[in-house]
Amino acid sequence: MKVTLYTDGAARGNPDGPGGYGAVLQFIDKNGTLHEKELSAGYVRTTNNRMELMAAIVGLEALNRSCEVDLYSDSKYLVDAFNQKWIDGWVKHNWVRPKTVKNSDLWKRLLVAMNPHKVTFHWVKGHDGHPGNERCDRLATSAADGGDLLVDTGLSN
């Protein structure tokens, strides 16, 4: 199955939060019907990069079978880690470059979430009018405003 996944984390202008993160899954079933599922995991008091990673994790973990995934994110940090092979170097060197890799707990969890899927990462410039990006930004903002779930209080290291 082919799935399009739009993810976003919204820092709300303050790296200590609150901020929200969410994902939108889109797929077409065998009858040609478009399905869309919004996933919002609440708010966090953490860094923007951690929220972006958690948004991708939430979307991938929601898939209950192996899929071909096009993941769209406005986080160059997330997209470049895979498209520019940073992640390969980190894994081969046991998550160490000259310094410890930040967010290693979430990078490892993301790799596990990606495992059964073929994931292609695409960067979408934030707030450029791209409909998927705008939808996810609203979802992430809604999660922050709802404030219903404190998911992560760790800072990156």
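The structure presented is a predicted model; accordingly, all values stated were derived computationally and were not measured. (Residues numbered from 1 in each chain as written. Predicted model: local features only at pLDDT ≥ 70, side-chain atom pairs only at ≥ 80, totals over all residues. Heavy atoms only, no water.)

A.B. asks: What exactly am I supposed to notice about the overall build of the chain here?
C.D. replies: Counting its secondary structure elements, the chain contains five helices and five strands. Element order for the chain, N to C, with α for helix and β for strand: β-β-β-α-β-α-α-α-β-α. Relative to its 157 residues, the chain shows a buried fraction of 46%. A separation of at least 24 residues holds for 69% of the contacts in the chain among residues at least 6 apart in sequence. Approximately 8200 Å² of the chain is accessible, and the part contributed by carbon and sulfur atoms is 49%. (Helix = DSSP H or I, 4+ residues; strand = E, 2+ residues; numbered from the N terminus. Buried < 20%, exposed > 50% of the residue type's maximum accessible area, 1.4 Å probe, protein only. Contact = heavy atoms within 4.5 Å. Areas by Shrake-Rupley, 256 points an atom, 1.4 Å probe, with all protein chains shown as cover.)

A.B. asks: I keep staring at the pairing of strand 1 (residues 2–10) and nothing clicks. Help me out?
C.D. replies: Residues in a regular strand project their side chains so that they alternate between the two faces of the sheet. For strand 1, a buried count of seven out of nine residues is recorded, marking the element as mostly surrounded by other parts of the structure. Of the pairings in the sheet, the one linking strand 1 to strand 4 (residues 68–73) comprises six bridges and is parallel in character. Note that in strand 4 the partner of leucine 5 across the bridge is leucine 71. With eight bridges connecting them, strand 1 and strand 2 (residues 19–28) associate as antiparallel partners. From the neighbouring strand, tyrosine 6 faces strand 2, where its bridge partner is valine 24. (Pairing = 2+ DSSP bridges.)

A.B. asks: For this particular structure, what's the right way to read the nonpolar core?
C.D. replies: Among soluble globular proteins, nonpolar side chains are generally buried collectively. Formed by 34 residues in total, the largest nonpolar core has its most connected members in Leu60, Leu71, Leu78, Phe82, Trp107 and Leu110. Ignoring any residue separated from it by four or fewer positions in sequence, one finds phenylalanine 82 in contact with Ile87, Trp107, Leu110, Leu111, Met114 and Phe121. (Core = buried A, V, L, I, M, F, W, Y, C linked by side-chain atoms within 4.5 Å.)

A.B. asks: I tried to follow the packing of helix 1 (residues 48–61) against helix 4 (residues 104–114) on my own but got confused; where do I start?
C.D. replies: Each pair of packed helices can be described by the angle between their axes along with the distance between the axes. Here helix 1 crosses helix 4 at 20 degrees, and the two axes come no closer than 9 Å. With respect to their mutual orientation, helix 1 and helix 4 come out roughly parallel. The two elements helix 1 and helix 4 cross, and the hand of that crossing is left-handed. In this structure, helix 1 contributes Arg50, Leu53, Met54, Ala56, Ile57, Leu60 and Glu61 to the contact, and helix 4 contributes Asp105, Leu106, Trp107, Arg109, Leu110, Ala113 and Met114. Residues that form the contact of helix 1 with helix 4 fall into these classes: ten nonpolar, no polar and four charged. (Axes fitted to C-alpha atoms, helices over the stretch in contact; angles between N-to-C directions. Parallel < 35°, antiparallel > 145°, perpendicular 65-115°, else oblique. Left-handed = near helix turned anticlockwise from the far one by under 90°. Nonpolar A, V, L, I, M, F, W, Y, C, P; charged D, E, K, R; others polar.)

A.B. asks: How should the side chain of histidine 117 be read in this particular structure?
C.D. replies: Position of histidine 117 among the secondary structure elements: in the loop between helix 4 and strand 5 (118–123). In contact with histidine 117, other than residues within four places in its own chain, are Leu60, Leu63, Arg65, Ser66, Cys67 and Val69.

A.B. asks: Any chance you could explain the packing of aromatic side chains here in plain terms?
C.D. replies: Going through the model one piece at a time under the given rule, you end up with four aromatic pairs. Measuring from ring centre to ring centre gives 4.3 Å for phenylalanine 82 and phenylalanine 121, while their planes differ by 5 degrees; the resulting arrangement is stacked. In this pair, phenylalanine 82 sits in helix 2 (residues 76–83) while phenylalanine 121 sits in strand 5, placing the two residues 39 residues apart along the sequence. Comparing phenylalanine 82 with phenylalanine 121 shows no difference in burial state: the two are buried. Aromatic rings pair up to connect Tyr77, Phe82, Trp107 and Phe121 into one cluster. In this arrangement the basic side chain of lysine 76 is found over the ring face of tryptophan 123, its NZ or CZ atom lying 4.4 Å from the centre. (Phe/Tyr/Trp six-rings, centres within 6.5 Å; stacked < 30°, edge-to-face > 60°. Lys NZ or Arg CZ within 6 Å of the ring centre and 35° of its normal.)

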